[in-house]
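Summary of structural features
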Amino acid sequence: MGLTHQSCGSKASREKFHVFTDSSEQPVVALAGNPNTGKSTVFNALTGLKQHTGNWPGKTVLRAEGVFLHRGRSFKLIDLPGTYSLLAHSVEEQVARDFICFARPDATVVVVDSTCLERNLNLVLQVIEITDRVVVCLNLMDEARRKNIEIDIKGLSNELGVPVIPTSALMGEGLDLLKESIYRIALGLQYTKPLKINYDDVVEKTVEKLNKKISFYLPEYLNLRWFSLRLLDGDMTIIEAISQHLKAEFNNTTRRVSSYKYRESVN
Amino acid sequence: MKKEVKLTELLPGEKGIVNHLTLRGLERRRLMDLGFVKGSVVEVIRRSMFGDPTAYFIKGSVIALRREEADEILVIKIDEGD
Ligand SMILES: Nc1nc2c(ncn2[C@@H]2O[C@H](COP(=O)(O)OP(=O)(O)OP(=O)(O)O)[C@@H](O)[C@H]2O)c(=O)[nH]1
Ligand SMILES: [Mg+2]
């Protein structure tokens, strides 16, 4: 993906989520994570007073967005609802999934609770199945130390194939390294190699078949494999989500074309 | 091998090991995403007034499940003193 990531109408799909960046160069960063892992604490520590809250468009789910600066660059940070999964079992999960999937943040930070990694890694695996622009923020490291939990950070990062940054957001520890990692991932200065989850032969073969059938309908910037897997799940919400997304993209394109024609005719 | 019981048969304070989910598809996946995977230790925390929902402690979090959901989770009861 890299430098081409920003193109392909992603600005329009971000505006659908009411994310308005200052300029097309302002990277968008999403904060995901299980409930109660310190997402809002990380969010507040990074953005300070430069934030405001509201609802997700059309949903009664609270959302916060803010801005932080690093190395003279401004980043837009979006706090996603806390979820255990991205499989749209609830409206919160749907919001988080649709944002990562369709607004395609330049980086997604998954905030995890270092004191119960096993539970938290489920969501990490789901996120890296959608996007390779991921930073794992191992938060509550002070709690983990207190409980004598040792984490092989390098080993974890190697296995997941994405950067893993230890933090104690409440104490302000590790936030500079976190910002640096977000910077590198969001600007495409560092590439990741997310762990690929392989399923049973039957599933993999069916996914291949489905890929061939649906690739024509999906814009290439959307993750074909991931969509096929969701269709196999029998997840009807994804069909609704994708058709809405395509409709918005289509309207946006026709609007651009017609305003272009209009300009042509008045000149 | 010990007998499987429904999670709803455990009393507050009792523990079991998740052995089997009788749901399929997305409903099964939801329980797995909440941590109810084979081998996980689950403890009954408390039941609300009418026995529904019930709070369970599993993989470091408290998760509330409705009776219909917990009925689909089969566990091997852990006897204290084992
Ligand atoms: N000890 C410790 N506590 C933390 C840390 N980060 C957050 N907390 C605390 O953890 C609790 C939850 O933090 P939040 O930031 O609200 O978590 P959240 O992920 O936004 O929670 P939801 O939005 O409800 O999903 C709060 O009491 C925080 O003060 C940390 O690094 N160390
Ligand atoms: Mg929060």
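Above this text is the structure in question.
Given the structure is predicted, the values throughout are model-derived calculations rather than measurements. (Residues numbered from 1 in each chain as written. Chains lettered and ligands numbered in written order. Predicted model: local features only at pLDDT ≥ 70, side-chain atom pairs only at ≥ 80, totals over all residues. Heavy atoms only, no water.)

Things to note about the interface of chain B and chain A
Each partner contributes to the interface: chain B provides eleven residues, whereas chain A provides twelve residues. Three residues stand out in chain B for area buried against chain A, namely Leu26(B), Asp33(B) and Lys59(B), and they jointly supply 57% of the buried area on that side. Summed over the shared surface of chain B and chain A, the result is one salt bridge. Of the charged contacts, one joins Glu118(A) and Lys59(B) as a salt bridge, the two residues approaching to 2.5 Å between their closest N and O atoms. At the level of secondary structure, the elements contributing two or more residues to the side of chain B that touches chain A comprise helix H1 (25–33) and strand S5 (61–65) of chain B. Sort the elements by how many residues they give to the side of chain B that touches chain A and H1(B) lands first, with four residues. Its residues placed into classes, the side of chain B that touches chain A shows four nonpolar, three polar and four charged. (Contact = heavy atoms within 4.5 Å. Buried area = accessible area lost by both parts, 1.4 Å probe. Salt bridge = Lys/Arg side-chain N within 4 Å of Asp/Glu carboxyl O. Helix = DSSP H or I, 4+ residues; strand = E, 2+ residues; numbered from the N terminus. Nonpolar A, V, L, I, M, F, W, Y, C, P; charged D, E, K, R; others polar.)

Brief notes about the sheet that holds strand S4 (residues 54–58) of chain B
Residue and element names in this part refer to chain B. If you walk across this open sheet you meet the six strands as S1-S6-S2-S3-S4-S5, and the pairing is antiparallel. Each end of this open sheet is capped by a strand with a single partner; those strands are strand S1 (4–6) and S5. Averaged over all neighbouring strand pairs, the angle between strand axes comes to 45°, with direction disregarded. Pairing of strand S2 (residues 15–21) with strand S6 (residues 73–78), which is carried by six bridges, proceeds in the antiparallel orientation. Pairing of Gly16 across the sheet is with Lys77, part of S6. (Pairing = 2+ DSSP bridges. Axes fitted to C-alpha atoms, helices over the stretch in contact; angles between N-to-C directions.)

Some words on the pairing of strand S3 (residues 41–47) of chain B
Residue and element names in this part refer to chain B. Of the strand pairs in this sheet, S2 and S3 are connected by three bridges, and their pairing is antiparallel. From the neighbouring strand, Ile17 faces S3, where its bridge partner is Val41. Looking at chain direction, S3 and S4 are connected through five bridges and run antiparallel. Across the sheet, Glu43 pairs through a bridge with Phe57, a residue of S4.

Read these as geometric descriptors, not functional statements.
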